[in-house]
Amino acid sequence: MAVPKRRKSKSKVRTKRAHHAIGKPNLVPCSNCNSYKLPHRICPTCGFYKDRVVLEPKVKKAKEDN
Ligand SMILES: [Zn+2]
């Protein structure tokens, strides 16, 4: 198995890792409620996908009581 001849310097490692940041998610407005959602996914706010209800949105009752 091939083995690196010498260890990478801190500078080389840090230069490489400078590109490891996570990018912003691509958000699009929902066609029903206009809240931002991920494209090609059910809206987490209203449960709509392609102009019809696919999934009933979760109602957070426990948090509203507190
Ligand atoms: Zn929606």
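To start, this report covers the structure provided alongside it. This structure is a prediction, so every number in the text was calculated from the model and none was measured.

### A closer look at the overall build of the chain
Link 1 in the chain: Helix and strand counts for the chain stand at two helices and four strands.
Link 2 in the chain: Listed N to C, the secondary structure of the chain is α-β-β-β-β-α in terms of helices and strands.
Link 3 in the chain: The 66 residues of the chain split such that 9% are buried.
Link 4 in the chain: A sequence separation of at least 24 residues applies to 0% of the contacts in the chain between residues at least 6 apart.
Link 5 in the chain: Counting only carbon and sulfur atoms, one obtains 55% of the accessible surface of the chain, whose full area is about 6,800 Å².

### Re the coordination of the zinc ion
Link 1 in the chain: Summarising the metal site, the zinc ion is bound by the protein donors Cys-30 (SG), Cys-33 (SG), Cys-43 (SG) and Cys-46 (SG), whose distances to it range over 2.1 to 2.3 Å.
Link 2 in the chain: Taken together, the four donor atoms coordinating the zinc ion span angles of 105 to 114 degrees at the metal, a pattern that classifies the geometry as tetrahedral.
Link 3 in the chain: For the zinc ion, all donor residues lie on one chain, and their spacing in sequence is C-x2-C-x9-C-x2-C.

Calculation notes
Residues numbered from 1 in each chain as written. Predicted model: local features only at pLDDT ≥ 70, side-chain atom pairs only at ≥ 80, totals over all residues. Heavy atoms only, no water. Helix = DSSP H or I, 4+ residues; strand = E, 2+ residues; numbered from the N terminus. Buried < 20%, exposed > 50% of the residue type's maximum accessible area, 1.4 Å probe, protein only. Contact = heavy atoms within 4.5 Å. Areas by Shrake-Rupley, 256 points an atom, 1.4 Å probe, with all protein chains shown as cover. Donors = N, O, S within 2.8 Å, 3.2 Å for Na, K, Ca; no water. Tetrahedral: all angles 85-135°; square planar, octahedral: opposite > 155°, others 65-115°.

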